[in-house]
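Breakdown of the fold
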Amino acid sequence: MADSGKVISMIKMKRIFAAASAVVMAAGVFASCGNTDSSSKAENVGSSHVTEKGEMRDISSMDLVKEMNLCWNLGNSLDVCNADRDGDGQVDENSEKVDETLWGNVKTTPEIFDQLKKDGFNAVRIPITWRDHLSDDYTIDEDWMNRVEEVVDYAYDRDFYVIINVHHDGGGDPDFGAWIRTEAEADYENFSKKYNKIWTQIAKRFENYSDKLIFESMNEVGFDDMGTNQAYELLNKINQDFVDLIRKQGGNNPKRHLLIAGYWTDVEKTCSKLFKMPDDPENRCIVSVHYYTPWEFCVCTNQYNWGTEPEIKTMVNNVNKLKTTFVDNGIPVIVGEYGNCKGNDEVDRVFFDEYFTKLTHDIGIPAFLWDDGGVFDRTDLTWQEDGLLDALHRAVSGEEYIVERIK
């Protein structure tokens, strides 16, 4: 945790911040507060509506996402799977019975969410992979479904907003189990039977949960081996079928808020005119994108530093694309993943996360920090990056300030 007396310094980058102000100042992009001590963190984050069990409010999706403030991913836990994660053609993690510890994280506990709530978080995305837990007729293993519900309840019962999805089922390793892309391309009718049966079971299990539980159609899916128009049409079709299916389910599902995967969840590709949001009689759909730009800094760790004027300008422009394409047209947005950046300069990682969180929050877009287990220690319940928690609190405070590197 950062000392609240840390000196905030340097690199105001006035030209870029002036450009950012021109792009998004109308939405209050540069807002601020001073350093906050840990005792006041929760108070500095806007409070969300406390829902009754099963309450489905008369609230728009745009208003719903504005209630989310500090947001986090329970990554590399329920989304684990037998997979070739290093891309060498061999399965790295392999188990006859896959559980959430396969990729090195501890079993998820209620105390994780107690601490997150104490730290001021009110929204969590719980990625879930189903592919290793299906019978031949696509029935989800009961033990896995029970564990998914148990972990969801850890967050839901503490009044978090919760997002669940189908995650590495649509991932980039079709030779090792990812099936959404290849099966949708090869035989859509058979793909639909599998996809619909999985989501029908999920929707049934969670049908009575309140509007704080959101279903996300899929994760990082695109069809680049097809023609461009055909690829977008296929993604749009899956998303439309997802909405149609959930609306036919029981309980609160006819009015549930739904998160719609963009093309590869990439900002630029999703802002294309070829991407279409589904028709929804309830008008309760939210577009999902991720932000890992530049990839070399965020994911590959080939770029140690971040924060040049061109890099900041790129971030500002990308966030503005989301604003002009979606938010300004009444379509809410959630950034389901961003950040990570592990292995690179810690000061620049915090700078990146604060800058991005502020840009998005100030135009009404919640951003969910990706954490594979290396950001928030799930055993010690402490933050591993010095100054990150204070930075995120500043970013969602709604007050005016210029984001600066912290030395």
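One structure accompanies this document, and this report is about it. (Residues numbered from 1 in each chain as written. Predicted model: local features only at pLDDT ≥ 70, side-chain atom pairs only at ≥ 80, totals over all residues. Heavy atoms only, no water.)

**Brief notes about the environment of S288**
- Position of S288 among the secondary structure elements: in strand β6 (residues 285-291).
- With 71 residues separating them in the primary sequence, S288 and S217 have C-alpha atoms 9.3 Å apart.
- Not counting the four nearest positions on each side in its chain, S288 is found in contact with E216, L259, I260, A261, G262, T265 and I334.
- Among the polar contacts listed, one links the side chain of S288 to the side chain of E216, at a separation of 3.1 Å. (Helix = DSSP H or I, 4+ residues; strand = E, 2+ residues; numbered from the N terminus. Contact = heavy atoms within 4.5 Å. Polar contact = N/O pair within 3.5 Å; in protein donor to acceptor, adjacent residues only side chain to side chain.)

**Looking at the pairing of strand β5 (residues 258-266)**
- Most of β5 sits inside the fold, with seven of its nine residues counted as buried.
- Strand direction decides the pairing type here: strand β4 (residues 213-216) and β5, joined by two bridges, are parallel. Within β5, the position partnered with F215 by the bridge is L258.
- Relative to β6, β5 runs parallel, the two being bridged by five bridges. For L258, the partnering residue across the bridge sits in β6 and is C285. (Buried < 20%, exposed > 50% of the residue type's maximum accessible area, 1.4 Å probe, protein only. Pairing = 2+ DSSP bridges.)

**Here's the deal with the pattern of salt bridges**
- Taken as a whole and assessed by the stated rule, the structure comprises 22 salt bridges.
- The salt bridge involving E385 is made with R349; its shortest N-O contact spans 3.3 Å. In this pair, E385 is assigned in the loop between β10 (382-383) and α13 (388-395) and R349 in helix α12 (residues 346-361), connecting sequence segments 36 residues apart.
- Residue class for R349 comes out buried when judged on its relative accessible area of 9%. (Salt bridge = Lys/Arg side-chain N within 4 Å of Asp/Glu carboxyl O.)

**Description of the packing of aromatic side chains**
- Following the criterion strictly, the structure yields 24 aromatic pairs and no others.
- Judged by centre distance (6.0 Å) and plane angle (80°), the rings of F113 and F160 are edge-to-face. Placement of the pair is F113 in helix α4 (residues 110-118) and F160 in the loop between α5 (142-156) and β3 (161-165), with a sequence separation of 47 residues.
- Relative to Y263, the ring of Y232 has its centre 4.3 Å away and its plane inclined at 20°; by these criteria the two rings are stacked. With Y232 in helix α8 (residues 228-247) and Y263 in strand β5, this pair connects stretches of sequence that are 31 residues apart.
- Y232 gets classed as buried once you look at its relative accessible area, which sits at 6%.
- Here Y263 falls in the buried class, since its relative accessible area comes to 3%.
- Clustering of aromatic rings is evident, with ring pairs tying together Y291, F297, W306, Y338, F351, F352, Y355 and F356.
- Geometry around F160 places K117 over its ring, the cationic atom sitting 5.9 Å from the centre.
- The ring of F215 carries the charged tip of R256 above its face, separated from the ring centre by 5.0 Å. (Phe/Tyr/Trp six-rings, centres within 6.5 Å; stacked < 30°, edge-to-face > 60°. Lys NZ or Arg CZ within 6 Å of the ring centre and 35° of its normal.)

**Some words on the nonpolar core**
- Counting residues in each nonpolar core, the largest one holds 100 residues, and the members touching the most others are I202 and F215.
- Leaving out residues up to four positions away in the same chain, F215 has contacts with I164, W199, I202, A203, F206, F242, I246, N253, R256, H257, L258 and L259.
- Residues C71, A123, Y161 and I334 belong to the second largest nonpolar core, which totals twelve residues. (Core = buried A, V, L, I, M, F, W, Y, C linked by side-chain atoms within 4.5 Å.)

**So, the environment of D266**
- With respect to the helices, strands and loops of the structure, D266 is situated in strand β5.
- Put simply, D266 and T293 are 27 residues apart on the chain and 9.6 Å apart in space, counted from C-alpha to C-alpha.
- At 2.8 Å, the side chain of D266 forms a polar contact with the backbone nitrogen of K269.

Read these as layout, nothing more, since geometry by itself doesn't imply function.
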